[in-house]
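# Results of the structural survey
Residue-level listing of the chains:
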Amino acid sequence: MAEDEVVDQILPEFPTGRVKKIMKLDKDINKVNSEALFLISCSTNLFLQLLAERSAEVAAEKKKKTVKLDHLRTGVKRHRPTSDFLLDSLPVPAESTQPVANSVSDRDLSRPVADKPAPAGTRRIDNFFRKPENDAPVQINDI
C-alpha cells in the first residue's frame, strides 16, 4: 500500500448488539464471529438501501412525494430475488373505501400478516421487537 492512499474505515450503521441478538434467534447459531457480525450489518444496510431506492422510484413514477406500503410492495415485486422471500412477509395493503380517519392505523399496517405459521424450531422476527405481555402485574411488597 502506498503512503498516499487514505483508507476509509467502514462502520456498520446498525447497533451490533441488536444484530447479534437477532442472529442468535436462530437455534443453530451459538456464537457470532465479529467479522460475520460486521458483514451481516453491512449487507443489511445495503439491502435496506436497495429497498428504499426501489420504493422511491415507484413513488416517483406515480408522482407521489411519500413512499407508502404499496410502493414498497411494487418495488419488491419488480426485483425477482427479493420478491421470492420478502413478498410473503409484507402486509397486504388494506383496500377500504372508508375515510382516512376511520381506517386502520399506520402502526397496524406496518406489522406483518402471519398468514402461515413459522417453520418448526423458528420464531417470527416481529416477535423479537414486541414488548413482552405480562398477564399479571408485578407486585412489590415492602418488608
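Per an unreviewed UniProt entry, the chain is named Enhancer of yellow 2 transcription factor-like protein, and its organism is Hibiscus syriacus. UniProt annotates the chain under Subcellular location (unreviewed entry) with the comment "Nucleus".

Residue placement: Asn-45 occurs in helix α2 (residues 34-61). Of the polar contacts made by the side chain of Asn-45, one reaches the side chain of Glu-13; its length is 3.2 Å. With sequence-adjacent residues up to four places away left out, Asn-45 is seen in contact with Glu-13 and Phe-14.

Between α2 and helix α3 (residues 69-78), the shortest axis-to-axis distance is 8 Å and the interhelical angle comes to 115°. Relative to α3, the element α2 lies roughly perpendicular. When the axes of α2 and α3 are compared, the crossing they make is right-handed. Facing α2, whose interface residues are Leu-51, Arg-54, Ser-55, Val-58, Ala-59 and Glu-61, α3 presents His-71, Leu-72, Thr-74, Gly-75, Val-76 and Arg-78. A breakdown of the residues in the contact of α2 with α3 according to their chemical character gives five nonpolar, four polar and three charged.

Quick notes on the rules
Residues numbered from 1 in each chain as written. Predicted model: local features only at pLDDT ≥ 70, side-chain atom pairs only at ≥ 80, totals over all residues. Heavy atoms only, no water. UniProt positions renumbered as here; feature names shortened; annotations may be inferred. Helix = DSSP H or I, 4+ residues; strand = E, 2+ residues; numbered from the N terminus. Polar contact = N/O pair within 3.5 Å; in protein donor to acceptor, adjacent residues only side chain to side chain. Contact = heavy atoms within 4.5 Å. Axes fitted to C-alpha atoms, helices over the stretch in contact; angles between N-to-C directions. Parallel < 35°, antiparallel > 145°, perpendicular 65-115°, else oblique. Left-handed = near helix turned anticlockwise from the far one by under 90°. Nonpolar A, V, L, I, M, F, W, Y, C, P; charged D, E, K, R; others polar.

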